[in-house]
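# Fold and geometry: a report
Now for the letters of each chain:
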Amino acid sequence: MGGSRVQVNKTHKSRFSSKSTRNLHKTSLKDKSRIAKSDRNVAKGARAVRIQRNKMLREQKRAALLKEKRASSGSSSPPRVIVLFGLSASVNLDSLAEDLLKLLSPEGGGHVSSTVASSEYKLRATVLKAPHGDLLSCMEMVKVADLIAFVASASEENDSDYIDSFGSQCLSVFRSLGLPSTAVFIRDLPIELKRKNDSKKMCISRLASEFPEDCKFYPADAKDELHKFLWLFKEQRLTLPHWRNQRPYLMSQKVDMVADEVNSGNCTLLLTGYLHGRSLSVNQLVHVSGAGDFQLHKIEILRDPFPLNPRKEVDAMDSDDLLVVEVVHSIHPDSLTQEPLLVENVPDPLAGEQTWPTEAEMAEADKNRKQRRPKKRIPRGTSEYQAAWIVDDTDEEDSDSGSDDDGMVLDETESYGPAAEGSDNSELDDDQASLDLRYSDEETENDSVMMESENLTREQIEEEIKEIKEAHAEDEEFPDEVETPLDVPARKRFAKFRGLKSFRTSSWDPKESLPPEYARIFAFDNFAKTQKHVFAKALEMDQDNRDECISAGQYARLHIKEVPTAVASKLCADAKTLPIITCGLLQHESKMSVLHFSIKKHDTYDAPIKAKEELVFHVGFRQFVARPIFSTDNINSDKNKMERFLHAGRFSIASIYAPICFPPLPLIALKHLGGVAAPTVAAVGSLRSIDPDRIILKKIILTGYPQRVSKLKATVRYMFHNPEDVRWFKPVEVWTKCGRRGRIKEPVGTHGAMKCVFNGVLQQHDTVCMSLFKRAYPKWPEHRFPILDA
């Protein structure tokens, strides 16, 4: 039995954190409730603050919604633009537009203009008819539409007849531009009620998948049905694409021109209409759709010809007297604050001149020269940057030297000319160590057989190359293969190309050897920050109601100065068939830069789209001519591979020289087929970024074919046609279509054959390839705007 254990009393650890709480249990119940009540008051107060804050946010949203509703449907808002678009050629839009204008017209008929103001519906509207078959006019109307009313005919028997090919093409284009509020009118319904309902249900079921979920279908044969639509449309909250709300724009109801007394080649263009979107400053630059960017001479605010409350307008003009307008106020630009029309940068020819170095710079250069590694042996004419990936000859000798089982040194260190190895020698060390002198006799035999083929004539060589190309080349899998010319040395033909160890990780200086066009463009130090500042400045100008601005909804006349007379005459003629749109430009948006678009070939366009082919880019409200180059979107590298064609079924990046535009903006690329044919939709997409430093590399693949294979070595011919080219391209790594990688060892003979070493056994039917790269740039457009090409 164990002895008794003495009990030790340990110090008691208090469960109270302070003296004040230690004696809390000794207080009375009344005091306890009074003391503990503060915590509940804190919780209750936080809940009350939260409730009050949520209530305030609801009231703010309700007030903003009410303000937006009053702004869109009040007397100060511009007329709502309704575009009627027939889904097939059999739809009669004239009768539908006439019925709508009769309902909205105060007199019930006899209207002159497509814009009417209805005091009954308390609504002002502009009704436009999209001409079926005219793609350009339909696009321009949809850009300013507040509501697109698609019109279908229920008399069509087949579902394919509801939407024809042109209607389907326009629908896809409208989706790319961004659809505003939409509705579908069903015409030509039967008179009998049961057949009418069945026909309506069938039409809705066939068309519902083509339109947004919130799109509503309306029968539009009777006057009562249109009356119901107008009452619903009056209360409807319109949704517009985001890019349209960021800029002011004006759809011209009247276009005129005034000759310039000073310059006979220019004139002043007069555009009259309602301003939409945001406020427009007289100091802003404007873009006339298809014509270009211009400055404003002045803005005249005119009396509204279609007031919503005619009783308040004492001197209201008659609807049939639209030629005489009354000027309420004129705004003139300030020469100090007006934005200049700056398009291209003026390069300084002396900017690249070298100055004599200072003594400190010379001393630093001497110090760096002493610390620099021994100079590499590189081919003549190769720059220091191009030679950065070339391995030194000393490294080559160390890596290539090895011993066999008998301790003999391999004969792998011979070099012809001042060239070094360009491949990764670490990959070939094990394979090179396995090469011994047992294969030297086979190499000699192969060389002698190769010498016999040198007696072939040029025609025989070309015929043999052609046969081999037809047997081995696969264009879809290897689209970059090119033939080495026979009459021009490869080192001259491909002088601008260089090899890369790794397309992903090898460095490429974006400022190296830039073309002359880069001296004419502008670039941003921080594009995202600049864009944020520009949009904030535009929003501030819209909210301040400055004297230099006119607000949205006002009826105004823009005086655009220094417009070429030929361009103004063409605009006056086009105004009869399509709306002339003028939009205000944000800061910097007239300057040229390099724009990159995410682009996809349109499904209805079957012809090939070649790089640097001339296209008309519709970017938001703006139009300009561009000659893009296409490239892949490589997110894992700072380099992107150029594509010679725009391939169908996937997105590519199109890079162009164009005026700066701030995203988000949609893109529609049109292609003129020549002659009087209407342009067709070639591609759709959106603006991606503005970056002149984006590196796009054009890749070519030179191919050769093994004549004799000896384990890891092979004699390759037809990649080059003289030994000097072999020595020039010796540093570049070669690879095969079956997955082998290797290097050029030495030239053989006088006709361009070469001896190569690979990291595996080469098959006789394999193809030896060499990848070369050079940087590609877009082509500068000969003319920037398409107005005179149509």
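All residue numbers refer to position in the chain's written sequence, counted from 1. Where local features are concerned, this predicted model is filtered to residues with pLDDT of at least 70; where side-chain atom pairs are given and counted, the filter is 80 or more; whole-chain, interface and lining totals use all residues. To obtain the side-chain values, all non-hydrogen atoms of the structure were included, while hydrogens and water were left out.

### Things to note about the sheet that holds strand β6 (residues 216-219)
This is how the line gets drawn: Whether two strands pair comes down to DSSP finding at least two bridges between them. Working definition: helices are DSSP H or I runs of at least four residues, strands are E runs of at least two. Numbering for both runs from the N terminus. Axis lines are fitted to C-alpha atoms, over the contacting stretch for helices. Their N-to-C directions set the angle, which ranges from 0 to 180 degrees. Throughout, a contact is declared for two residues whenever any of their heavy atoms are within 4.5 Å.
Read across the sheet, 6 strands follow the order β2-β3-β1-β4-β5-β6 without closing on themselves; strand pairing throughout is mixed. Unpaired on one side and paired on the other, β2 (115-118) and β6 mark the two borders of the sheet. Adjacent strand axes in the sheet meet at a mean angle of 30°, parallel and antiparallel pairs treated alike. One ladder, built from 4 bridges, connects strand β5 (residues 181-187) with β6; its direction is parallel. In the strand pairing of β6, phenylalanine 185 is matched with tyrosine 218. Each of β1 (80-86) and β4 (147-153) touches helix α5 (residues 165-177); the most contacted strand, β1, lies at about 145° to it.

### Looking at α5
Keep this limit in mind: Any helix carries an expected span of 1.5 Å times its number of residues minus one. For the exposure calls, accessible area comes from a 1.4 Å probe over protein chains only, and a residue counts as buried if that area is under 20% of its type's maximum, exposed if over 50%, partly exposed in between.
Given a rise of 1.5 Å per residue, 13 residues ought to cover 18 Å, and the 19 Å separating the end C-alpha atoms of α5 matches this to within 8%. Buried residues of α5: Phe166, Gly167, Gln169, Cys170, Leu171, Ser172, Val173, Phe174 and Leu177, and no others. Note on α5: the residue one or two positions beyond its end, glycine 178, has a positive phi of about 105°.

### Focus on the pairing of strand β25 (residues 695-710)
Two faces make up the sheet, and in a regular strand the side chains alternate between them. With 13 of 16 residues buried, β25 is to be regarded as a mostly interior element. Pairing of strand β13 (residues 481-482) with β25, which is carried by 2 bridges, proceeds in the parallel orientation. Residue pairing across strands places glutamate 481 opposite isoleucine 701, the latter belonging to β25. Relative to β25, strand β21 (residues 639-643) runs parallel, the two being bridged by 3 bridges. By the bridge assignment for β25, lysine 639 is matched with isoleucine 695.

### Topic: the packing of aromatic side chains
Put simply, the test is: Two rings from Phe, Tyr or Trp (for Trp, the six-membered ring) form a pair when their centres sit within 6.5 Å of each other. Planes less than 30 degrees apart are called stacked, planes more than 60 degrees apart edge-to-face, and all others tilted. A ring is scored as having a charge over it whenever the NZ atom of a lysine or the CZ atom of an arginine sits within 6 Å of its centre and within 35 degrees of its normal.
Tallied over the entire structure, the rule returns 25 aromatic pairs. Between phenylalanine 85 and phenylalanine 150, the ring centres sit 5.9 Å apart and the planes meet at 85°, which makes this aromatic pair edge-to-face. Taken together, the residues span a long stretch of sequence, with phenylalanine 85 in strand β1 and phenylalanine 150 in strand β4 at a distance of 65 residues. Taken as a pair, phenylalanine 85 and phenylalanine 150 share a single burial class, namely buried. Between phenylalanine 503 and phenylalanine 773 the ring centres are 5.6 Å apart and the planes differ by 40°, which places this aromatic pair in the tilted class. In this pair, phenylalanine 503 is assigned in the loop between α13 (490-493) and α14 (527-544) and phenylalanine 773 in strand β30 (residues 768-775), connecting sequence segments 270 residues apart. A residue is classified by how much of its surface remains accessible, and phenylalanine 503, at 23% relative accessible area, is partly exposed. Residue placement shows arginine 80 over the ring face of phenylalanine 233; its charged tip is 5.1 Å from the ring centre. Residue placement shows arginine 520 over the ring face of tryptophan 780; its charged tip is 4.1 Å from the ring centre.

### Brief notes about the side chain of threonine 736
What counts, and what does not: We define a polar contact as two N or O atoms separated by no more than 3.5 Å, with the added condition that, inside protein, one atom must be a possible hydrogen donor and the other a possible acceptor, whereas residues neighbouring each other in sequence contribute only through side-chain atom pairs.
Note that threonine 736 resides in strand β27 (residues 734-736). Overall, the relative accessible area of 3% leaves threonine 736 in the buried class. For threonine 736, the side chain forms a polar contact with the side chain of aspartate 766, separated by 2.9 Å. Among all residues touching threonine 736, those that are not within four sequence positions of it are Phe758, Leu762, Asp766, Thr767 and Val768.

### Digging into the side chain of arginine 622
Relative to the assigned elements, arginine 622 resides in strand β19 (residues 622-626). Given a relative accessible area of 4%, arginine 622 falls into the buried group. Reaching out from arginine 622, the side chain makes a polar contact with the side chain of aspartate 293 at a distance of 3.0 Å. Within the structure, the side chain of arginine 622 is placed 3.0 Å from the backbone oxygen of isoleucine 660, a separation counted as a polar contact. For arginine 622, the residues in contact, after removing those within four places along its chain, are His287, Asp293, Cys583, Leu585, Glu589, Ser590, Phe617, Pro659, Ile660 and Cys661.

### Some remarks on the nonpolar core
The test is simple: We call a set of buried Ala, Val, Leu, Ile, Met, Phe, Trp, Tyr and Cys residues a nonpolar core when their side-chain atoms join them within 4.5 Å. Start and end points for every domain follow an automatic or database-based domain assignment.
Counting 82 residues, the largest nonpolar core has Phe85, Leu87, Phe150, Leu207, Phe211 and Phe617 as its most contacted members. For this core, the domains that each give at least three residues are domain 1 (80-240) and domain 2 (246-307 + 326-343 + 532-583). Setting aside chain neighbours within four positions, we find leucine 87 in contact with His132, Phe150, Val151, Ala152, Tyr162, Ile163, Asp164, Gly167, Leu171, Leu207 and Phe211. Core analysis: the next-biggest nonpolar cluster, separate from the first, contains 27 residues, Ile82, Tyr218, Ala220 and Phe233 among them.

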